[in-house]
Amino acid sequence: MAISLPVRIGAIGCGAALEHLYVNPLRRLARRGWVQVVALADPSDRRREWARGVFPGARVEAEAARVLAETQPALTIITSPPPLHGAHAEIAFQAGCHVLCEKPLADSVVAGRRILDLARERERLLGVGMTRRFYPCLAEARRWLQAGQLGRVLAYDYREGGVYGWPVTSDAPFRRASSGGGVLLDKGIHVLDLLGWLFGPAEMIRSEDDAWQDGVEANSIVHLDHRGVAGRMQLSWDQDLNSGFLIRGERGELMMPIGPLSQLCFRQPGQAWQTVPIQADWPGDLEAAGQVRGTPRTYYECIDYQLIQMLRALLLGTAVPVSGEEGLETLALVDAAYSRAEPLEQPWLPAVEQALARKRHWHSQP
Amino acid sequence: MSRIAIIGAGGFVGARFLEQSVLRGGLEVVPIVRSWRSQGRLARFGFLCRMGDAAKPESLTAALSGCRVAINLTMGDNSRIAGDVASIHAACQQAGVQTFIHLSSAEVFGQADSPGLTEDSSPKTDHWMEYARAKAEAENWLRSRADGNPKVVVLRPGLIWGPGSGWLAGPAQSLAEGTAFVFNDGKGICNLIHVDNLIAHLVMLAEAPIVAPGFYNVADRETLTWLDFYSAVAKELGIDPATIHRLPESAYRDSLLGRLKGLGQTGLARNIKRRMSGAQKIRIKQWLKDTVSPPPADPQPHRPTPQVTKDAWWLQGTRSKLPTAKFAAIYGEPPLQSFEDSMRAAAEWLRFAGFGQQPPPA
C-alpha cells in the first residue's frame, strides 16, 4: 500500500526517550504536514496521561497491539526500554508498520537478530535511531577519511565522560535486568556505531568495566581493531574525562571535542591545530531531488534530520539512516565487550579498595 | 552500628562516601536521592536508593526512617538551599534522627579577610555570590537550632577535590589546553579539602557517641597557594608550570558573556527559563554562539584562550586559610592524608581520565 502524507506515526513507550527526543521533532514535522501522530502506547497510567496532553489527536492505550491494529500507522517508533524492543518490534511488524527503533536495537544479539528476521519476513523497513551519524563534525570527518585526506588511518582514541543527566522516569536504566547494561549500552552503542561507520567492521580486543555484582557499568574501556586501525574507546557516566576524539593518519590528525557538533580540527605532522569548515549536509525535504539541504546545529535538530531521512526511505525508497543489520553489528560488539569484561583498573584507589573492588566485579565469583 | 542517611548520595562526595563505606565496611549507609537520574553516579554499585525530596518533606521523612544520623550533601539550585535545609531538618525531627550533619561552605566567609575570624563567627550575608548568601542563610537558620532535636553539626569545607572532582579536572583541562591562569602570581590561598579527608571528618562525626553541635571549618592540613596547586597538577601532567598565564588583577573584566550570564540569573530570566524546554534553551544558546562566533568558512588557527570568570578571579583572591582547630579539639585528630599522597593518587586518575600526555593506541 502506498504511503501518503502526512505519514501516520505510532510510538510504543512514552517515557523519557519519547518526551525528550521525539516530541518536538514530531511536532515540527506535523506542522509541515509530513507526519501525524496517531497511536501511542505505554503501560503506565501517568505516562499515558502525559502523552494524551502532548498529542491530543492520537489514540493512547496501554496495549500496543490493540492501538496499532486500530490506527494503522505506517511507521512506529519504538522508545520503550531496550529489553522490550524485541517484543514491541514484533507487535509493530504484525500490525504492518515499518519500524524506527531507538537505540540499542535490542538488549542482546539474539533479540536483535529476531527483530531483523521479522522485518525481512514482513518486508518492512527497519531503521535504528543513531542520531550521532547526523553530527556535522563526524560526517565531515568521514568525508575526510573517505577522500583519503589523512592518508592511511593508523589509530584513534575516543573518550567521553560526564555525570549522567538524562531525565529518566524510573531507575530501569540502572538495573541490569531492565536495561541490559550501563554506559556501554547507553552511550557506547552510539559510539561503536559511528566508529564502524568511520573505520569499518571491528573486532573486540579487550574490554574493562567497573560494574559491581548488582550494578551496571558507569565506566567502560574497550580496545578495538578495524582491520589494521587500532582504536580505544573510553566512556563514563560518573565523571568528567578529558573528552575528545582523535584520529591519527599518516598525513595528519583530526580532533573533535565531544559536545560541540560542528567543531573539527586538523593538523599536519609538526604543525598547529586548525579549525576546518564543515561541508557535510543532508536532505531537508521529502522531494526526490532532495535539493533543500541543511546541517543540524543542535542535538535535537539531528533527530529532525534522522526522522526526515526515515520518511524519505518510506516515501522515496532511499536507504534508512542506520539499518537493522548495522544495528545488529554494533550490538554484537557490545555483547562481546560484556562477555569479556575484566575489572577496570582504578589505581587511584588505595590498594585495599582496589582489591575489594576487583572482587566485587560482576564477572567475579561471589 | 547504626544507619547513616546520605541525603544527596548521587553527588561527588556521596558517591565516594558510599564506595568507601562498602569497600571498607563498618558503616551502614542509606543512600537517598531526589530524582531517578541522580542514581546514574551510583549505577555501578547496584545500590537500592531511597527516594526523598526536600521539596516533599513527607517523602524525606519516610526515607530517613531508622537512621540515627543524616548527612546533607544536596547540591540543589541556590534558590532552594535555605528552604531545603529547613525541610530536611523538619524531616529529621519527624523521623527521629539524632544528628543532622549539614555541609555548608568555606565561601560563607568570602575571601577570609575579616580580622579575628573564628569558626563560630557569623557568615557574611552580603556576599556577591548567590550560592554563598544561600549557604549563609541556611547556617543562620540552623544556628538557633543547633542544640535542639536533632543536634546540628555544620561543616564548612573549601574546594572539594580528588579523583573525579571538577577542582582537579578543571585545572588539568586548562593546563592541557594551555589556558591555565593565576591572578596575583598565584599567591592567593587555595582552600582545598580532599574528598577522602572530608569523609574522614564525616565518619568521625557519624561514629561519635556524643556530638558537640556547632560549626566547624574543615580543610586539608597543608596551606597551599593557587600557584602551588596548579604547579602540582602541571608536574603530574608533565607540563611546564611556566605555561600558566600570570594575569594582573585588571585582567578580570565582566565580559559580555559574563554580563549576559548575570542577566540570566535575575528573577525574570529564571521564570522565563523555567517555562522553556531543554531543547529551546539549547537552540537559543546555539544561536547566541553562532552569532558571536560563526562557524568558519575557511581553516582558522585553533587557539583556546583563558576563560576568566568572576568566580575564578574571586576564589584566587582568598587572603588566608580558615582556622580549623575546633574539630580536632573536640573529636580528636582526623586521619587526614597528606597533599603529597593525595596528589600522587590523583595523578593516576588524571592519566586514566586522559589528561596526561598519551599517544593514541598504535
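Note that the structure is predicted; figures quoted are calculated from it, not measured.

Moving on to the sheet that holds strand β8 (residues 203-209) of chain A. Strand order across the open sheet formed by ten strands is β17(A)-β8(A)-β9(A)-β10(A)-β7(A)-β11(A)-β12(A)-β13(A)-β14(A)-β14(B), with mixed pairing between neighbours. The sheet is open, and its two edges are formed by β17 (342-343) of chain A together with β14 (300-301) of chain B, each paired on a single side. The pairing of strand β7 (residues 153-161) of chain A with strand β10 (residues 229-236) of chain A spans seven bridges and is classified as parallel. In the strand pairing of β10(A), A:R159 is matched with A:Q234. Taken strand by strand, helix α6 (residues 136-146) of chain A contacts β7, β11 (244-249), β12 (252-256) and β13 (265-267) of chain A, and its axis lies near 165° from that of β12(A).

Before going further, it helps to spend a moment on the interface of chain A and chain B. Where interface size is quoted, it is often the accessible area lost as the parts come together. Listed as interface residues are 61 residues of chain A and, on the opposing side, 48 residues of chain B. Three residues stand out in chain A for area buried against chain B, namely A:W212, A:R297 and A:W348, and they jointly supply 15% of the buried area on that side. Linking chain A with chain B are six salt bridges. Ionic pairing is found between B:R44 and A:D238, a salt bridge with its closest N-O pair at 3.5 Å. The tally of links from chain A across to chain B stands at 18 residue pairs in polar contact (both at pLDDT 80 or more). Looking at the side of chain A that touches chain B, the elements with two or more residues in it are α1 (16-31), β7, β9 (219-226), β10, β11, β14 (274-275), α9 (299-316) and α11 (351-359) of chain A. For the side of chain A that touches chain B, the class distribution of residues is 31 nonpolar, 15 polar and 15 charged. Here β14(A) runs beside β14(B); their pairing, made up of two bridges, is antiparallel.

All names here are of chain A. What the domain assignment lists for chain A is domain 1 (7-132 + 297-329) and domain 2 (134-282). Each of domain 1 and domain 2 was reduced to a C-alpha centroid, and the two centroids are 25 Å apart. On the domain 2 side, the residues contacting the 26 residues of domain 1 number 24 residues. Note on domain 1 versus domain 2: buried area summed over both sides is about 2,200 Å², and carbon and sulfur give 63% of it. Three residues stand out in domain 1 for area buried against domain 2, namely K103, M130 and R132, and they jointly supply 36% of the buried area on that side.

Looking now at the packing of aromatic side chains. Inspection of every chain in the model, using the stated rule, returns 29 aromatic pairs over all chains. Seen in terms of ring centroids, A:Y156 and A:F199 are 4.6 Å apart; in terms of plane orientation they differ by 5°. Their pairing is stacked. Of this pair, A:Y156 sits in strand β7 while A:F199 sits in helix α8 (residues 183-199), and the two are 43 residues apart along the sequence. By relative accessible area, A:Y156 is classed as buried at 0%. Judged by its relative accessible area of 12%, A:F199 falls in the buried class. Pairing B:F229 with B:Y230 gives two aromatic rings, centres 6.4 Å apart and planes at 90°, and the pair type is edge-to-face. Residue B:F229 is classed as buried on the basis of its relative accessible area of 1%. Among the aromatic residues, those joined into a cluster by ring pairs are B:W161, B:W226, B:F229, B:Y230 and B:F339. Sitting over the ring of B:W128, B:K310 keeps its end group 4.3 Å from the ring centre.

Moving on: the nonpolar core. The nonpolar side chains of a soluble globular protein tend to be buried, and buried together. Residue and element names in this part refer to chain A. Counting 84 residues, the largest nonpolar core has L126, L195, F199, M233, F245 and I247 as its most contacted members. Looking at which domains feed residues into this core, each of domain 1 (7-132 + 297-329) and domain 2 (134-282) gives three or more. In this structure, L195 is in contact with Y156, G200, L224, H226, M233 and F245, ignoring residues within four places of it in sequence.

A few words on α1(A). Residues and elements named next belong to chain A. Over its 16 residues, α1 runs 22 Å from end to end, which matches the ideal 22 Å to within 8%, given 1.5 Å per residue. Along its length, α1 reaches its greatest deviation from straightness, about 50°, at Y22, and the proline P25 lies no more than four positions downstream. What α1 keeps buried is the set A16, A17, L18, L21, Y22, V23, P25, L26, R28 and L29. Positive phi shows up at G33, right after α1, with a value of about 80°.

The next point concerns the side chain of A:S80. All names here are of chain A. Assignment of secondary structure puts S80 in the loop between β4 (75-78) and α4 (85-94). Judged by relative accessible area, S80 falls into the buried class, the value being 8%. Within the structure, the side chain of S80 is placed 2.8 Å from the side chain of H88, a separation counted as a polar contact. Ignoring anything within four residues of it in the chain, the contact list for S80 reads I12, G13, H85 and H88.

This brings us to empty space enclosed by the protein. Residue and element names in this part refer to chain A. In this structure the tally under the stated criterion is two cavities of 30 Å³ or more. Taken as a whole, the largest cavity spans an internal volume of roughly 90 Å³. D209, D210, A211, W212, P343, L344, E345, Q346, Q354, A357, R358 and H361 are the residues that line the largest cavity. Across the lining of the largest cavity, the residue classes tally to five nonpolar, three polar and four charged.

Pairing between the strands of a sheet is mediated by backbone hydrogen bonds and can be parallel or antiparallel. Residue and element names in this part refer to chain A. Taken together, six strands build an open sheet; the order of strands is β3-β2-β1-β4-β5-β6 and the sheet is parallel. Since the sheet does not close on itself, it has two edges, and those belong to β3 (59-61) and β6 (126-129), each with one partner. On average, each strand axis in the sheet is inclined to that of its neighbour by 20°, with strand direction left out of account. Direction of pairing for strand β1 (residues 7-12) relative to strand β2 (residues 35-41): parallel, over a ladder of six bridges. Looking at the pairing, G10 lines up with A39 of β2. Here α9 sits on the sheet in contact with β1, β2, β4, β5 (98-102) and β6, set at roughly 160° to β5.

Attention now goes to the packing of α1(A) against α9(A). Residues and elements named next belong to chain A. Close contact between α1 and α9 brings their axes to 9 Å; oriented N to C, the two are set at 60°. As far as their axial angle goes, α9 and α1 are oblique. Of the two possible hands of crossing, α1 and α9 adopt the one that is right-handed. Counted together, H20, L21, Y22, P25, L26, R28 and L29 of α1 and Y299, Y300, I303, D304, Q306, L307, I308 and L311 of α9 form the full contact between these two elements. Within the contact of α1 with α9, the residues separate by chemical class into eleven nonpolar, two polar and two charged.

Moving on, we come to the pairing of β11(A). All names here are of chain A. Burial runs high along β11: five of the six residues are buried. The sheet contact formed by β7 and β11 spans six bridges and is antiparallel. From the neighbouring strand, A155 faces β11, where its bridge partner is R248. One ladder, built from five bridges, connects β11 with β12; its direction is antiparallel. Looking at β12, one finds that F245 is bridged to M256. Hairpin connection of β11 to β12: two residues between the antiparallel strands.

With that out of the way, let us pick up the pairing of β2(A). Residue and element names in this part refer to chain A. In terms of burial, β2 is a largely internal element, six of the seven residues being buried. In the sheet, β2 pairs with β3 via three bridges, with the strands oriented parallel. Among the inter-strand pairings, A41 is bridged to a residue of β3, identified as E61.

Definitions and cut-offs
Residues numbered from 1 in each chain as written. Chains lettered and ligands numbered in written order. Predicted model: local features only at pLDDT ≥ 70, side-chain atom pairs only at ≥ 80, totals over all residues. Heavy atoms only, no water. Pairing = 2+ DSSP bridges. Helix = DSSP H or I, 4+ residues; strand = E, 2+ residues; numbered from the N terminus. Contact = heavy atoms within 4.5 Å. Axes fitted to C-alpha atoms, helices over the stretch in contact; angles between N-to-C directions. Buried area = accessible area lost by both parts, 1.4 Å probe. Salt bridge = Lys/Arg side-chain N within 4 Å of Asp/Glu carboxyl O. Polar contact = N/O pair within 3.5 Å; in protein donor to acceptor, adjacent residues only side chain to side chain. Nonpolar A, V, L, I, M, F, W, Y, C, P; charged D, E, K, R; others polar. Domains from an automatic or database assignment. Phe/Tyr/Trp six-rings, centres within 6.5 Å; stacked < 30°, edge-to-face > 60°. Buried < 20%, exposed > 50% of the residue type's maximum accessible area, 1.4 Å probe, protein only. Lys NZ or Arg CZ within 6 Å of the ring centre and 35° of its normal. Core = buried A, V, L, I, M, F, W, Y, C linked by side-chain atoms within 4.5 Å. Expected span 1.5 Å × (residues − 1). Bend = angle between axes of the 7 residues up to and from the residue. 1 Å grid on protein atoms, 1.4 Å probe; cavity = no way out; pocket = protein on both sides within 12 Å on 5 of 7 lines; lining within 4 Å. Points joined across faces, edges and corners; volume = space filled by probe spheres on them. Parallel < 35°, antiparallel > 145°, perpendicular 65-115°, else oblique. Left-handed = near helix turned anticlockwise from the far one by under 90°.

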